[in-house]
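Chain and residue survey
Spelled out, the chains give:
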Amino acid sequence: MGGMERAPIVVGTGPVSFAEVIAVARHGAPVTLSEEALVAIDRARAVVDSLAASPTPAYGISTGFGALATRHISPELRSQLQRSLVRSHAAGSGPEVETEVVRALMLLRLSTLATGHTGVRRETAQLLAALLTHRITPVVREYGSLGCSGDLAPLAHCALALMGEGPVRTQDGTLTDAATALAAAGLSPVELVEKEGLALINGTDGMLGMLILAIDDLTDLLQVADIAAAISVEGQLGTDRVFAAELQAIRPHPGQAASAANLTALLRESGIVASHQTGDCNRVQDAYSLRCSPQVHGAARDTVAHAASVASRELASAIDNPVVLPDEGRVESNGNFHGAPVAYVLDFLAIVAADVASISERRTDRFLDKARNHGLPPFLADDPGVDSGLMIAQYTQAAVVSELKRLAAPASVDSIPSSAMQEDHVSMGWGAA
C-alpha cells in the first residue's frame, strides 16, 4: 500500500510511539503535525525572534557555532549563517544509508521540532512532514556522525533537502536533486532563518531510529530463535524437562521464563520428546546449546526490554542545543545531544545478536557431526561422501557468527575529540547503531 493511501501519523507535542516510527520508516505512512504542535512551534519561534532582535548575543541565534561561538553575527548575515552551517555539515561519505533509517531519522527530528523547544518556524516543520508524506528521501551517507552534538552530518543532508539542495530518492527509488523532487510534489524549499539550521541537525535521531528498528527486528528474531531451538531439541532427541516452569522460577529472569514457556509449548505434542521421557533413555543431560537455550534467549529478551525502556525515554525527549524554554522566554545551552544513553544500549544489542547467533550455530554443528547427532547421517547428507550435505551451510553460518562477534566490539568506549577540542568527548553512537 502506498504512503499516500495510509492514515497519516499525527505528530503532536508528545512522543511518537515505536509503532508509529515503524509505520513511517518501513511502511511509508504519511505524516502531519497537530494543531497543538503548531501552536507550540509558534510560541518557541516568538522567543527566538525576540532574542534575535536583541543586541545581546545569543548562542545559535546571533553567534557562530561550536568552537566559533564567540563570533557575533550581524542580522543581514544570519540566513547565510544557517545555509552555510547546513552545507558545511552535509559532509558524510561512504554508502547510502537505507531509506527506512533516513525516514526514521526525519520523523524523530520532526517529533523534537513539534515539542516547541527548538525555535523553528511552522513552515519549516511542515515541509519536513511533507517530505515524509511524499516519500522524498534525502541521500544520507554511512560515515560522518560521532554521535555527539547529534548526528550532525546525517541530519545536515536531510536539512539540505529542505533548502532544495542535494540528492534525494523519490518514492520509486529514482535518484534526483531535491529542487526537482520538491517541485514535482508541489512543494517549495525554505530559506532558513535564525536558529533553524542548528535545530535541524542537532539531534540523536539517527542512532535512535536505528535503535527502534533494531528492537523491532530482534523482537521477531528471538521468537524465531525459540522455534529453531525447539526443533533442535527434537532433532537431537533431547528433553523438554529442563524447561519446566518450576525450574525457571528458581532463577526468576522474566525473559528466561518467557523463552522456556515458548519452548515447552512448542514441544508439548512432540512424540519424539515423549519417547525420551521413559526409563529406557540413557541420556543424562543435553548439551548446553540445547539445555541453556532459555537462559541465553531469555537474557537477550531482557536486554531488548532494557533497550526499549531507554528508547522510550529518548522518544519523550527534545534533543537540541541551545534549547528554547518558551514558558521562561529564554534559550539555554545544554548537553542533551550527547548520545551516550543510546550508544550504550546499541552496543548491548550487538552483543545480544552475536551471542544468540553463536548458540544457534552450535546447534547446527551438532546436527552435522555423526559423533554427536544420534544416528543422523554425516552432515545430513543423502549419500555421505558423494554429497556434502549441509557442510558448507555451516561454514557460512560460522562466517556470519564470526563477523557478528567482530561487530559486537563496543563503539561507545571510543572517542575522538573534534571541533578544536570543544567537543572533546563523543559517544560514537551512530557507529554502534
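The rules behind each value
Residues numbered from 1 in each chain as written. Predicted model: local features only at pLDDT ≥ 70, side-chain atom pairs only at ≥ 80, totals over all residues. Heavy atoms only, no water. Helix = DSSP H or I, 4+ residues; strand = E, 2+ residues; numbered from the N terminus. Buried < 20%, exposed > 50% of the residue type's maximum accessible area, 1.4 Å probe, protein only. Contact = heavy atoms within 4.5 Å. Areas by Shrake-Rupley, 256 points an atom, 1.4 Å probe, with all protein chains shown as cover. Lys, Arg positive; Asp, Glu negative; His and termini not counted. Charge placed at Lys NZ, Arg CZ, Asp CG, Glu CD. Patch = residues over 30% accessible without salt bridge, like charges linked within 9 Å, V, L, I, M, F, W, Y side chains within 5 Å. Salt bridge = Lys/Arg side-chain N within 4 Å of Asp/Glu carboxyl O. Pairing = 2+ DSSP bridges. Polar contact = N/O pair within 3.5 Å; in protein donor to acceptor, adjacent residues only side chain to side chain. Core = buried A, V, L, I, M, F, W, Y, C linked by side-chain atoms within 4.5 Å. Axes fitted to C-alpha atoms, helices over the stretch in contact; angles between N-to-C directions. Parallel < 35°, antiparallel > 145°, perpendicular 65-115°, else oblique. Left-handed = near helix turned anticlockwise from the far one by under 90°.

1. Observations concerning the overall build of the protein chain
Across its full length, the protein chain carries 17 helices and nine strands. C-alpha extents for the protein chain along the principal axes are approximately 90 × 45 × 45 Å. Here the protein chain holds 433 residues, and 48% of them are scored as buried. Pairs at least 24 apart in sequence give 76% of the contacts found in the protein chain among residues at least 6 apart. Of the roughly 19200 Å² of accessible surface on the protein chain, a fraction of 57% belongs to carbon and sulfur atoms. Charged side chains of the protein chain number 31 positive and 48 negative; the gap between the two group centres comes to 2 Å.

2. Thoughts on a nonpolar patch on the surface
Residues Ile227, Ile231 and Leu266 make up a contiguous nonpolar surface patch of about 270 Å² in total accessible area. Along the chain, the position of Leu266 falls in helix H11 (residues 254–267).

3. Quick word on the sheet that holds strand E7 (residues 175–177)
With antiparallel pairing, three strands are arranged side by side in an open sheet as E4-E6-E7. Looking at strand neighbours, the two that pair on one side only are strand E4 (137–138) and E7, the edges of this open sheet. Looking at chain direction, E4 and strand E6 (residues 167–169) are connected through two bridges and run antiparallel. What sits directly across from Thr137, in E6, is Arg169.

4. Looking at unusual backbone geometry
Following Asn321, the chain continues to Pro322 via a peptide bond in cis, the omega torsion being -5°. Summarising the element assignment, Pro322 is placed in the loop between helix H14 (293–315) and strand E8 (323–325). In this model, His374 sits at a positive phi of 55°, which is unusual for a non-glycine residue. The class for His374 is partly exposed, based on a relative accessible area of 36%. Positioned with a positive phi, Ser419 is a non-glycine residue whose angle comes to about 55°. Checked against the element boundaries, Ser419 lands in the loop between helix H16 (391–407) and helix H17 (429–432).

5. Notes on the environment of Asp151
Inspection of the secondary structure assignment puts Asp151 in the loop between strand E5 (141–143) and helix H6 (152–162). Separated by 79 residues in sequence, Asp151 and Ala230 have C-alpha atoms that sit 41 Å apart. Apart from the residues within four sequence positions on either side, Asp151 is in contact with Ser145, Ile201, Gly203, Thr204, Asp205, Gly206, Met207 and Trp430. From its side chain, Asp151 meets the backbone nitrogen of Met207 in a polar contact 3.0 Å long.

6. Some points on the pattern of salt bridges
In the structure shown here, the tally under the stated rule is 23 salt bridges. Among the salt bridges present, the one from Arg83 reaches Glu191, with a minimum N-O distance of 3.4 Å. One end of the pair, Arg83, is in helix H3 (residues 78–89); the other, Glu191, is in the loop between helix H7 (178–184) and helix H8 (196–201), and 108 residues separate them in sequence. One salt bridge in this structure joins Asp226 and Arg301, with 3.1 Å as the shortest N-O distance. A residue pair is termed long-range when its members are at least 10 positions apart, and Asp226 in helix H9 (residues 205–235) and Arg301 in helix H14 qualify at 75 residues. Judged by its relative accessible area of 0%, Asp226 is buried. The structure contains a network of salt bridges with shared partners spanning Glu361, Arg362, Asp365, Asp369 and Arg372.

7. What about the environment of Gly298?
Residue position: Gly298 is located in helix H14. Along the backbone, Gly298 and Ala258 are 40 residues apart, and their C-alpha atoms lie at a distance of 7.0 Å. Aside from chain neighbours lying at most four places away, what touches Gly298 is Gly255, Gln256, Ser259 and Ser293.

8. Focus on the side chain of Thr204
Secondary-structure assignment places Thr204 in the loop between H8 and H9. Those residues in contact with Thr204 that lie beyond four places of it in its chain are Gly150, Asp151, Glu314, Ile319, Phe337, His338 and Gly339.

9. Quick notes on the nonpolar core
Counting residues in each nonpolar core, the largest one holds 92 residues, and the members touching the most others are Leu110, Leu131 and Leu211. When residues of this core are assigned to their parent elements, the largest contribution, ten residues, is made by H9. Sequence-distant contacts of Leu131, defined by excluding residues within four places in its chain, comprise Met106, Ile136, Pro138, Ala161, Leu162, Leu182 and Leu187. The next biggest cluster of nonpolar side chains, apart from the first, holds nine residues, and it includes Ala229, Ala230, Leu263 and Leu290.

10. A short note on the environment of Val31
Within the secondary structure, Val31 is located in strand E2 (residues 31–33). Under the relative-accessibility criterion, Val31 is labelled buried at 6%. Residues Val31 and Thr364 lie 333 residues apart in sequence; the distance between their C-alpha atoms is 45 Å. Apart from the residues lying within four places of it in its own chain, the contact partners of Val31 are Ile9, Val11, Val24, Leu107, Leu110, Ala129, Leu132 and Thr133.

11. Topic: the packing of helix H4 (residues 99–113) against helix H5 (residues 122–133)
For the pair H4 and H5, interaxial distance at closest approach is 10 Å and the crossing angle is 155°. Comparing the axis directions of H4 and H5 gives the class roughly antiparallel. Between H4 and H5 lies a crossing of left-handed hand. Residues Arg103, Met106, Leu107, Arg109, Leu110 and Leu113 of H4 touch H5, and the partners they reach there are Ala125, Leu128, Ala129, Leu131 and Leu132.

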